[in-house]
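# Observations on the three-dimensional arrangement
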Amino acid sequence: MITAARMGAVDRNAEALGVSQKQLMESSGNAVARAVREEASEGDTVTVVAGRGNNGGDALVAARFLDAFDLSVHLLGKPETITTEIARENWAALEAANYPCETVADSADLEVGDPEVIVDAMLGTGISGDLREPEATAAREINASDATVISVDVPSGVDADSGEVPENAVSADRVITFHDGKPGLADLDCEVRVADIGIPGAAERYVGPGDLELGSPAPDAETRVFVIGGGPYTGAPALSAQAALRSGADLSFLACPESIEDVLAGYTEDLIVQAYESERLSTEEVDGLIETATKHDDVVVLGPGLGTAEETLEAARTFLEEFEGPMVVDADALSVVPEVETEATLICTPNRKELAGMGGPELDDLEAGADDIERFAAELGHVVMAKGEADVVSDGERTRISTRGTPGMTVGGTGDTLAGITAAFMKDNDPLNAAAAAAYANGRAAERLDRGGGLLASDLLDEVPEVVWGER
Ligand SMILES: NC(=O)C1=CN([C@@H]2O[C@H](COP(=O)(O)OP(=O)(O)OC[C@H]3O[C@@H](n4cnc5c(N)ncnc54)[C@H](O)[C@@H]3O)[C@@H](O)[C@H]2O)[C@@H](O)CC1
Ligand SMILES: [K+]
């Protein structure tokens, strides 16, 4: 099963791998034509009703494979209102090749007639809201006919994710859906066939630009990130807090011992440093920190530079047991995660050593061990983003691999920037999508800076916005 949003990410990834949308449309149209040939005999009448998006585009492709039939193609709107280049090109090809196609300006003009087969290609996953005109009237005409109705991807009007069927939706006899089943088709009482359209497996397995679009925050998301780190170290929490701002967080707070408050505040005026008295994170600080984080609905990053003093780990344990919001757990705080029951939504970001330290698999090659990481994430009950030459992200059911990045990323601090990016992406987001997008952004930022060596984690900070917003 695949949601419409994920389908969009996967076909964006396919494009980045060199398999164009137009190639996918050709495969979709061909699959639709195969289904028509199963339902109609040579010379039978076949009517295509096409919308103005790519769903319609699929049927405009299918028309080219239906020469054996008494075909008519109806476009619901003027050709210039077709919303995508590839659908427009397929319409133009039909006109240039003298296919029997007409444009229907007003739904009253739509003559569906009484064909053997109707191809319903008005709307697919791009629908929003109930059917509007002329699709609504066209749907009524289609439903009133005796034809066998074959719907492209989704019966027009049905929501591919929720399965909601508005009363004016097309009721199909058959649905040819592409690449994978759709949650919203599972309960339809008609035959649903999944057609392979040649999307490479890598487009789902490996993180690409589609994952970034899927997992990065909506422009209007108000995200406050609260980094709880520092103690012996100051660079790590500062990098995480700054990376969060560079990835779209509106505010980035940094809770740290007052002994390093000036050092951290000195890094940049963009961070809001909240110092506490103890020398290092300890249990008497935790309640106050949880109250702050909960009150402001923060995404918390727990771990960068915390150190491993027993009282610090005890405090991290308490924080995990009592906080219930979204959290990125990194570095020194990771070792306590397997010991605690928590209501919080965690994304754990261990490197190879920390993964083993958490009771996870001991792996030299994370990519080769992806299945072990998936099993570990299932056991742990949280998203695990195991960082290495390849990053393996899994929530125990879905696993994606990011091979983005450069050898130079072994320099200290790139895990801290990743933690900050992940936090900025996490608000109101599927944690797996957020983590996969963050791994991609961190790696792409390094690739853009790659001079063969000498990368500094702090260099990534300026580059991240270029990746998240500049490469769209
Ligand atoms: N994502 C993919 O990998 C692929 C998608 N393909 C096709 O592309 C389709 C999605 O195409 P699009 O994103 O262009 O969207 P659609 O073609 O599903 O619909 C978009 C069009 O319908 C209009 N519309 C939206 N809501 C409406 C409503 N309630 N009443 C009336 N009109 C409405 C929009 O203005 C737009 O013109 C899929 O369903 C599938 O058929 C295929 O080409 C294969 C590859
Ligand atoms: K359709």
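All residue numbers refer to positions counted from 1 along the written sequence of the respective chain. Here chains are named by letter from A upward and ligands by number from 1 upward, in the order in which they appear as written. Side-chain atom pairs in this predicted model are given and counted only at pLDDT of 80 or more, local residue features only at pLDDT of at least 70, and totals for whole chains, interfaces and linings cover all residues. Side-chain measures here rest on the full set of heavy atoms in the structure, leaving out hydrogens and waters.

As annotated in an unreviewed UniProt entry, the protein is Bifunctional NAD(P)H-hydrate repair enzyme from Halalkalicoccus jeotgali. Recorded under Subunit (unreviewed entry), the UniProt text for the protein is reproduced unchanged: "Homotetramer." UniProt positions are given in the numbering used here, feature names are shortened, and annotations may be inferred rather than shown by experiment.

### What about the sheet that holds strand E4 (residues 117-121)?
Ordered in space as E3-E2-E1-E4-E5-E6-E7, the seven strands form an open sheet in which the pairing is parallel. Where the open sheet ends on each side, the last strands, each with one partner, are strand E3 (101-103) and strand E7 (191-195). The mean angle between the axes of side-by-side strands here comes to 20°, regardless of whether they run parallel or antiparallel. Two elements, strand E5 (residues 148-152) and strand E6 (residues 174-178), share three bridges in a ladder whose sense is parallel. When the sheet's bridge partners are listed, Ser 151 is paired in E6 with Val 175. Whether two strands pair comes down to DSSP finding at least two bridges between them. We count a stretch as a helix when DSSP gives it H or I for four or more residues in a row; a strand needs E for two or more, and each element gets its number in order from the N terminus. To obtain an axis, a line is fitted to C-alpha atoms, over the contacting stretch when the element is a helix, and the angle between two such axes runs from 0 to 180 degrees between their N-to-C directions.

### Details of empty space enclosed by the protein
A 1.4 Å probe that fits but cannot get out identifies a cavity on a 1 Å grid over protein atoms alone, an open set with protein on both sides within 12 Å along at least five of seven lines counts as a pocket, and a residue lines either if it has an atom within 4 Å of a point. Grid points are joined across faces, edges and corners, and a volume is the space filled by probe spheres set on the points. In the structure shown here, the tally under the stated rule is one cavity of 30 Å³ or more. Approximately 40 Å³ is the volume attributed to the largest cavity. As for the largest cavity, its lining consists of Thr 406, Gly 408, Ala 446, Asp 450, Arg 451, Gly 452, Gly 453 and Leu 455. Tallied by class, the residues present in the lining of the largest cavity amount to two nonpolar, four polar and two charged. Each residue is assigned to one class: nonpolar for Ala, Val, Leu, Ile, Met, Phe, Trp, Tyr, Cys and Pro, charged for Asp, Glu, Lys and Arg, and polar for all the others, Gly among them.

### Overview of the sheet that holds strand E11 (residues 299-302)
Spatially, the nine strands line up as an open sheet ordered E10-E9-E8-E11-E12-E13-E14-E15-E16, and their pairing is mixed. One side of each edge strand has no neighbouring strand; the edge strands of this open sheet are strand E10 (272-276) and strand E16 (399-402). The mean angle between the axes of side-by-side strands here comes to 15°, regardless of whether they run parallel or antiparallel. As defined by bridge partners, strand E9 (residues 251-257) adjoins E10 across five bridges and the pair is classed as parallel. Paired with Phe 253 across the strands is Ile 272, a residue of E10. Against the sheet, helix H11 (residues 310-322) engages strand E8 (224-228), E11, strand E12 (326-330) and strand E13 (345-349), with an angle of about 155° to E11. When checking whether two residues touch, look at their non-hydrogen atoms; a contact exists if any pair is within 4.5 Å.

### Observations concerning the domain arrangement of the protein
The source of the domain bounds is an automatic or database domain assignment. Domain boundaries in the protein define domain 1 (4-200) and domain 2 (209-470). On a C-alpha basis, the centres of domain 1 and domain 2 stand 44 Å from each other. Taken residue by residue, the interface counts six residues in domain 1 and six residues in domain 2. Summed over both partners, the accessible surface that disappears when two parts come together, traced with a 1.4 Å probe, is what is meant by buried area. Here domain 1 meets domain 2 over a buried area of about 540 Å², counting both sides, of which 55% is carbon and sulfur.

### Digging into the nonpolar core
We define the nonpolar core as a collection of buried residues of types Ala, Val, Leu, Ile, Met, Phe, Trp, Tyr and Cys that are connected through side-chain atoms lying within 4.5 Å of one another. Each residue is assigned to one of three classes by its accessible area relative to the maximum for its type, calculated with a 1.4 Å probe on protein chains only: buried under 20%, partly exposed between the two thresholds, exposed over 50%. By size, the foremost hydrophobic cluster in this structure holds 50 residues, and its most contacted members are Val 225 and Phe 425. With twelve residues, the single largest contributor to this core is helix H15 (residues 431-449). Phe 226, Phe 319, Leu 355 and Met 358 belong to the second-largest nonpolar core, a separate cluster that totals 43 residues.

### Looking at the pattern of salt bridges
When a carboxyl oxygen of Asp or Glu is within 4 Å of a side-chain nitrogen of Lys or Arg, the pair counts as a salt bridge. This structure, assessed with the given rule, holds 30 salt bridges. Lys 22 is paired through a salt bridge with Glu 89; the nearest N and O atoms lie 2.6 Å apart. Placement of Lys 22 in helix H2 (residues 21-39) and of Glu 89 in helix H4 (residues 85-96) is noted, with a sequence separation of 67 residues between them. The exposure class of Glu 89 is partly exposed, given its relative accessible area of 31%. Measuring nitrogen to oxygen at the nearest pair gives 2.9 Å for the salt bridge that ties Arg 448 to Glu 471. Of this pair, Arg 448 sits in helix H15 while Glu 471 sits in the segment after helix H16 (457-470), placing them 23 residues apart in sequence. With relative accessibility at 33%, the residue Arg 448 sits in the partly exposed group. Accessibility expressed as a relative area gives 24% for Glu 471, which makes it partly exposed. Connected through salt bridges with shared partners, the residues Arg 404, Arg 444, Glu 447, Arg 448, Glu 463, Glu 466 and Glu 471 form a single ionic network.

### Notes on the UniProt feature "domain: YjeF C-terminal" (unreviewed entry) in the protein
Within this numbering scheme, the UniProt entry marks residues 207-471 as carrying the feature "domain: YjeF C-terminal" (unreviewed entry). Between the end C-alpha atoms of residues 207-471 there is a gap of 15 Å, over a span that is 43% helix and 16% strand.

### Comments concerning the pairing of E16
On E16, burial covers both faces: Thr 399 and Ile 401 on one face and Arg 400 and Ser 402 on the other are all buried. Note: strand E15 (residues 391-394) against E16, four bridges, orientation antiparallel. Bridging from a neighbouring strand, Asp 391 pairs with Ser 402 of E16. Remark: four residues form the turn of the hairpin made by E15 and E16, two consecutive strands paired antiparallel; Gly 396 in that turn has positive phi of roughly 95°.

### Considerations on the site of ligand 1
When we say a residue is near a molecule or strand, we mean one of its heavy atoms is within 4 Å of it. As a structural note, the neighbourhood of ligand 1 is formed by 24 residues, with Asp 11, Asp 58, Leu 123, Gly 124 and Asp 153 the closest of them. Any pair of nitrogen or oxygen atoms within 3.5 Å is treated as a polar contact; in protein, a donor-acceptor pairing is required on top of that, and neighbouring residues in sequence qualify only through side-chain atoms on both sides. Contact distances for ligand 1 include 2.6 Å between an oxygen atom and a side-chain N or O atom of Asp 153. Areas reported here follow the Shrake-Rupley algorithm with a probe of radius 1.4 Å; residue values treat only the protein chains shown as occluding. Burial of ligand 1 by the protein amounts to 87% of the accessible area it has alone, namely 870 Å². If you list the elements that add at least two residues to the shell around ligand 1, you get helix H1 (4-16), H2 and helix H3 (54-63). Residues of the shell around ligand 1, tallied by class, amount to eight nonpolar, ten polar and six charged.

### Topic: the side chain of Thr 268
Mapped onto the elements of the fold, Thr 268 is located in the loop between helix H9 (261-267) and E10. Engagement of the side chain of Thr 268 in a polar contact is seen with the side chain of Glu 269, the distance being 3.5 Å.

### Things to note about the coordination of the potassium ion (ligand 2)
At the metal site, the potassium ion (ligand 2) is ligated by Asn 55 (OD1), Asp 120 (O), Leu 123 (O), Val 152 (O), Val 154 (O) and Ser 156 (OG), and these contacts range over 2.6 to 3.1 Å. Think of the donor list as every N, O and S atom within 2.8 Å of the metal, or within 3.2 Å for Na, K and Ca; water never makes the list, so a site can look incomplete. Square planar and octahedral assignments, for four and six donors respectively, both demand that opposite donors be over 155 degrees apart and that all other angles lie between 65 and 115; tetrahedral needs four donors with all angles between 85 and 135 degrees, and anything else is irregular. Considering all six donor atoms around the potassium ion (ligand 2), angles at the metal cover 70 to 172° and the coordination shape is irregular. On the primary sequence, the residues serving as donors to the potassium ion (ligand 2) are separated as N-x64-D-x2-L-x28-V-x1-V-x1-S. Of the two residues, Asp 120 is situated in strand E4 and Ser 156 in the loop between E5 and E6; the sequence distance between them amounts to 36 residues.

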